[in-house]
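Residue-level listing of the chains:
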Amino acid sequence: MLVRTHSYETFIAANCQLNDKAQFMTKKDHTWNQAAEGWVDFVRTGKDYFRDCMNNPAAFELIGEIKGQKVLDIACGEGYNTRMLSLKGAHVTGVDNSEILLEHAKQEEYRKPLGITYYQRDASCLDGIPDRSFGVATCFMALMDIQDYELAISEVARILKPDGRFVFSITHPCFEKMNVNGVTIEAQKRYFDKLQETVEWTMGRLTRKFTTTAYHRTLTDYSTALSKNYLLISRMVEPQATEETVRKFPVLKEERKRPQSIIFETVKKVTETSPF
Ligand SMILES: C[S@@+](CC[C@H](N)C(=O)[O-])C[C@H]1O[C@@H](n2cnc3c(N)ncnc32)[C@H](O)[C@@H]1O
């Protein structure tokens, strides 16, 4: 639940530049706004086993040492991983286009300050964030939810310094099950189709069910957009659940056999012809 107090509002006005909303174009994402309360409970109460047991250990291993580095966490949501980046000693900025998720992130920053700054931005338009200003950009399990992923990737390339790294995870497009117009489709049956899907978050462990929107694209779609923007894939991981994890959380048993996600590390390699 969002709780606003007078001192909290003052803190936000002074530190988190809520008014910047007015200055820059942002596209509103109503699905994630509507999902916010359910999502925050899911993430913050230890129910996101996929994140805690598989995706985060693998992603943070790829991210490695980031102490003292400037990190932009794109599509940061309520800030769970943004705070993890900050606790590793990075100077972190988080952006998301859901103002309600950002309010939750800012409220947590107010409750336990880590020095994170949050801005409302659509990932495809990071206006106000200067060219070549970050050493690392991250985007955890969100690029498949971002409608204009090609523009988002070009914005990442713009704001990264030369040799800066972009680490991102997505739902594995080869193995996902998609709900398209109420029909469940296994990705391998229509892998090459560009599909908009409705993600129904209905697991029993949720206190509040919710629905979001995602976009199925192929691995080639992502790698083409990356290479067009001088982001070269340097490492890739497909997290696998361990036997111990499956014993603890049987819901992860399929993840012994095939990955739920795929994580990339890419590096910005500037050439004489690159625009940024
Ligand atoms: C599955 S959540 C992941 C959130 C966060 N990265 C995490 O790991 O907790 C997907 C996020 O993508 C954000 N998102 C979707 N489309 C976006 C866009 N076009 N620009 C910025 N954020 C977007 C949503 O608001 C949501 O916070």
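What counts and what doesn't
Every chain is numbered independently, its residues counted from 1 as its sequence is written. Where totals are concerned, whole chains, interfaces and linings use all residues; where local detail is concerned, this predicted model gives features only for residues with pLDDT of at least 70, and gives and counts side-chain atom pairs only at 80 or more. For helices, the fitted line uses only the C-alpha atoms of the stretch in contact; every axis is such a line through C-alpha atoms, and the angle between N-to-C directions lies from 0 to 180 degrees. For helices the rule is a DSSP run of H or I covering at least 4 residues; for strands it is a run of E covering at least 2, with both sets numbered from the N terminus onward. A pair of residues counts as a contact when their C-beta atoms, built from backbone coordinates, are separated by no more than 7 Å. Put plainly, near means the residue's C-beta atom, positioned from the backbone, lies within 6 Å of the molecule or strand in question. Criterion used throughout: strands pair if DSSP finds at least two bridges between them. Counts of 20 or more other C-beta atoms within 10 Å of a residue's own C-beta define buried residues, counts of 12 or fewer define exposed ones, and intermediate counts define partly exposed ones; C-beta atoms are placed from the backbone. By convention, orient the strands away from the viewer: a clockwise path from the first strand over the helix to the second makes the crossover right-handed. Nonpolar core, as used here: buried Ala, Val, Leu, Ile, Met, Phe, Trp, Tyr and Cys residues forming one set through C-beta atoms within 7 Å. In this analysis, the expected span of each helix is defined as 1.5 Å times one less than the number of residues it contains. Bend is the name given here to the angle between axes fitted to two runs of seven residues, the run ending at a residue and the run starting at it.

Engineer: I keep staring at the packing of helix α3 (residues 30-44) against helix α6 (residues 99-111) and nothing clicks. Help me out?
Structural biologist: The contact between α3 and α6 brings their axes to 7 Å, and the two run at 35°. Listed contacts from α6 to W32, N33, A36 and V40 of α3 are E99, I100, L101 and H104.

Engineer: For this particular structure, what's the right way to read the site of the ligand?
Structural biologist: Every one of the 21 residues lining the ligand counts as a neighbour, but W32, A75, G77, S98 and F140 are closest to it. When residues of the shell around the ligand are traced back to their parent elements, those giving at least two are α3 and α5 (80-87).

Engineer: Is there a simple way to explain the pairing of strand β7 (residues 183-186) in this structure?
Structural biologist: Side chains on a regular strand alternate between the two faces of the sheet. Alignment of strand β6 (residues 177-180) against β7, held across four bridges, turns out to be antiparallel. Residue M178 lies in a different strand from β7, and its bridge partner there is I185. Joining the antiparallel neighbours β6 and β7 is a turn of two residues, in which N181 adopts a positive phi near 50°.

Engineer: In this structure, what is going on with the sheet that holds strand β11 (residues 261-268)? I would like to understand it.
Structural biologist: One open sheet holds the seven strands; their spatial order is β3-β2-β1-β4-β5-β11-β10, and the pairing between them is mixed. The sheet is open, and its two edges are formed by β3 (117-120) and β10 (231-237), each paired on a single side. Direction aside, neighbouring strands of the sheet carry axes that sit 20° apart on average. Where strand β4 (residues 134-139) meets strand β5 (residues 160-171), five bridges bridge the pair, whose relative direction is parallel. Paired with T138 across the strands is V167, a residue of β5. In this fold α6 packs onto β2 (91-96) and β3, with an angle of close to 170° to the strand it touches most, β3.

Engineer: Would you explain the pairing of β4 in this entry?
Structural biologist: Counting buried positions over the six residues of β4 gives five, a clear majority of the element. Note that strand β1 (residues 70-74) and β4 share three bridges and pair parallel. Bridge pairing links L72 to A137 in β4. In this fold, the crossover linking β4 to β5 by way of helix α7 (residues 149-159) has right-handed handedness.

Engineer: What's the story with the environment of E255 in this structure? I'm lost.
Structural biologist: With respect to the helices and strands, the residue E255 is situated in helix α10 (residues 254-257). For E255, a count of 23 C-beta atoms within 10 Å gives the class buried. Sequence-wise, E255 and E238 are 17 residues apart; in three dimensions their C-alpha atoms are separated by 10.0 Å. Each residue touching E255, except ones within four places of it in the same chain, is listed here: M54, Q240, A241 and Q260.

Engineer: Teacher, can you tell me more about the nonpolar core here?
Structural biologist: In a soluble, globular protein the nonpolar side chains are often hidden away together inside. V71, I74, A137, C139, L143, I153 and V156 are the most contacted members of the largest nonpolar core, which totals 57 residues. When residues no more than four places from it in sequence are discounted, the contact partners of V156 are I74, A137 and F166.

Engineer: Explain α7 here, please?
Structural biologist: Structurally, the α-helix is built with 3.6 residues per turn, so residues lying three or four positions apart point the same way. Where α7 is concerned, the buried positions are Y149, A152, I153, E155, V156, A157 and I159. Residues of α7 that are buried in the fold lie against β1, β4, β5, α8 (219-228), β10 and β11.

Engineer: I would appreciate a short explanation of unusual backbone geometry in the present structure.
Structural biologist: Glycine aside, residues mostly have negative phi, and peptide bonds are mostly found in the trans state. Even without being glycine, D163 reaches a positive phi, approximately 70°. Looking at the secondary structure, you find D163 in strand β5. Accessibility expressed as a C-beta count within 10 Å gives 10 for D163, which makes it exposed. You will see that N181, though not glycine, has its phi angle at about 50°, which is positive. With respect to the element layout, N181 can be found in the loop between β6 and β7.

Engineer: Sorry, what's going on with the environment of T82 here?
Structural biologist: One can find T82 in helix α5. The class of T82 is buried, set by 28 C-beta atoms lying within 10 Å. As for T82 and V71, which are separated by 11 residues in sequence, their C-alpha atoms are 9.0 Å apart. Excluding anything up to four places from it in sequence, T82 contacts D73, C76, V92, G94, A105 and I116.

Engineer: I tried to follow helix α4 (residues 49-63) on my own but got confused; where do I start?
Structural biologist: In this model α4 runs 20 Å from its N-terminal to its C-terminal C-alpha over 15 residues, within 8% of the 21 Å that 1.5 Å per residue would give. The axis of α4 is deflected most strongly, by about 45°, at N55, and proline P57 appears within four residues downstream. Within the sequence span of α4, burial applies to R51, C53, M54, N55, N56, A59 and I63. Packed against the buried residues of α4 are α5, β4, β5, α9 (243-248), α10 and β11.

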